[in-house]
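In case you want the letters, here they are:
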Amino acid sequence: MKMRKKVRIKVQIAFALVVLLIGIKFFMFVNYITSADSALAVNRPPGVEAFLPISALVSLRAWLGLGIFDTIHPAALVIFLTAIFISLFLKRAFCSWICPIGTLSEGLSLLGQKMFKTNYTLPKWLDYPFRSVKYILLTFFVVFIFFGMSPMEAYSFLQTPYNMIADVKMLTFFQNITAVGMTVIAVLVVLSLLIKQFWCRYLCPYGALLGLFSVISPWKITRDSSSCISCGQCRKACPNQLKVDEALRVSSPECTGCLSCVEVCPVKGTLSFKLPRKLHRFPSPFALGVTLIAVWFISVSIAKITGHWETSIPLEMYKTLIP
Ligand code: SF4
Ligand code: SF4
């Protein structure tokens, strides 16, 4: 395995482990609240709010409309804004380097490749309409939240008990999963084994939103046509089936900045992740990985220092609401 992929996989695994630890701690927190046994006391990890993107979108509506930063799930909005910030500058690197669902989706594709010796691709007549599904879902959420709700209604929704324990509801959903829920997950797993990054490519509205922001990213995969030998290896390696070998700059919202194309290019320096002209190029995947971790760390630190990380919900409220 080449160096670039190794670096990205290490970063993906590091973020996935952090998410796993957050999940375990949150489970222990809910267990402590429901058992009322003080010997089991654990603090609630705010990072669990990464899994509340709808709440984050409603918070954004209230923040933009009223200037009030949500105090119920502030980490959800911080994480959401950080992902958008990354997309504005570094394409959808959040999807291919940080997002644990993206990591899982990629892992299932690799497993499928081993099991069936290939990942299947949908024919173009199916691929295009399927790809629009994530944009339709995104449009639904954006229209509902930004046009169907006033800023005051958005703010009021954030204060409801439903939103306050949305994270706990999510946990109980998985703990008491119904036959329908299991079936949906099983279908998604099978499709992800068969089709490369099925979830990210066709269904994820979060990725769709980040993709739209990423179009204006100044850092893009750039091809030097004077040294390119038109071997087409970059196109073959791209998990998103982009025609890298025909583009001078890859602007597509589907590009996740994974650097797989750069990795396989046989002519050194022909493909790079860079600013226009010769202003700056990431010298290595390591540099991109370090940049992403640094952005994440700085964002969370600022949120903690300025009091926009921990929820304002008192423990007593959890003890009332959760049971
Ligand atoms: S392989 Fe290259 S063009 Fe394709 S998604 Fe990854 S970085 Fe973008
Ligand atoms: S892999 Fe490199 S040399 Fe081959 S077509 Fe792509 S950019 Fe050109």
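Worth saying up front: this structure is predicted, and the values here are computed from it rather than measured.

A few words on helix 15 (residues 285–305). Given a rise of 1.5 Å per residue, 21 residues ought to cover 30 Å, and the 30 Å separating the end C-alpha atoms of helix 15 matches this to within 8%. Taken residue by residue, helix 15 has Pro285, Ala287, Leu288, Gly289, Leu292, Val295, Trp296, Ser299, Val300 and Ala303 as its buried positions. Directly after helix 15, the chain includes Gly307, whose backbone phi takes a positive value near 75°.

Under the present numbering, the feature "transmembrane region" (unreviewed entry) in UniProt falls on residues 12–33, 71–90, 133–152, 172–195, 202–219 and 282–303. In the segment residues 133–152, helix accounts for 80% and strand for 0%; the C-alpha atoms at its two ends are 30 Å apart. The span residues 202–219 is 67% helical and 0% strand by assignment, and the distance between its end C-alpha atoms comes to 24 Å.

Close contact between helix 6 (residues 124–146) and helix 12 (residues 205–214) brings their axes to 8 Å; oriented N to C, the two are set at 90°. In terms of their interaxial angle, helix 6 and helix 12 are classed as roughly perpendicular. In this structure, helix 6 contributes Lys134, Tyr135, Leu137, Leu138 and Phe141 to the contact, and helix 12 contributes Pro205, Ala208, Leu209 and Leu212. Its residues assigned to classes, the contact of helix 6 with helix 12 comprises 8 nonpolar, no polar and 1 charged.

Let's shift gears to the site of ligand 2. Within the structure, ligand 2 sits among Arg223, Cys228, Ile229, Ser230, Cys231, Gly232, Cys234, Asp245, Cys265, Pro266, Thr270 and Leu271. Considering only residue class, the shell around ligand 2 consists of 7 nonpolar, 3 polar and 2 charged.

This part takes up unusual backbone geometry. Residue Lys91 is not a glycine yet carries a positive backbone phi of 55°. Here Lys91 lies in the loop between helix 3 (74–90) and helix 4 (93–98). With relative accessibility at 0%, the residue Lys91 sits in the buried group. The phi torsion at Leu259 lies on the positive side, around 70°, for a residue other than glycine. Along the chain, the position of Leu259 falls in the loop between helix 13 (233–237) and helix 14 (260–264). The exposure class assigned to Leu259 is buried, which follows from its relative accessible area of 6%.

Taken as a whole and judged by the stated rule, the model has 9 salt bridges. The salt bridge partner of Glu106 is Arg8, with a shortest N-O separation of 2.7 Å. Residue Glu106 is located in helix 5 (residues 100–116), and its partner Arg8 is located in helix 1 (residues 3–35); the two are separated by 98 residues in the primary sequence. Classification of Glu106 as buried rests on a relative accessible area of 13%. Here Arg8 falls in the buried class, since its relative accessible area comes to 2%. Note that Glu49 is salt-bridged to Arg44, the shortest N-O span being 2.8 Å. You'll find Glu49 and Arg44 in the same group, each marked buried. A network of salt bridges, in which partner residues are shared, links Arg44, Glu49 and Asp167.

Analysis parameters
Residues numbered from 1 in each chain as written. Chains lettered and ligands numbered in written order. Predicted model: local features only at pLDDT ≥ 70, side-chain atom pairs only at ≥ 80, totals over all residues. Heavy atoms only, no water. Helix = DSSP H or I, 4+ residues; strand = E, 2+ residues; numbered from the N terminus. Expected span 1.5 Å × (residues − 1). Buried < 20%, exposed > 50% of the residue type's maximum accessible area, 1.4 Å probe, protein only. UniProt positions renumbered as here; feature names shortened; annotations may be inferred. Axes fitted to C-alpha atoms, helices over the stretch in contact; angles between N-to-C directions. Parallel < 35°, antiparallel > 145°, perpendicular 65-115°, else oblique. Contact = heavy atoms within 4.5 Å. Nonpolar A, V, L, I, M, F, W, Y, C, P; charged D, E, K, R; others polar. Near = heavy atom within 4 Å. Salt bridge = Lys/Arg side-chain N within 4 Å of Asp/Glu carboxyl O.

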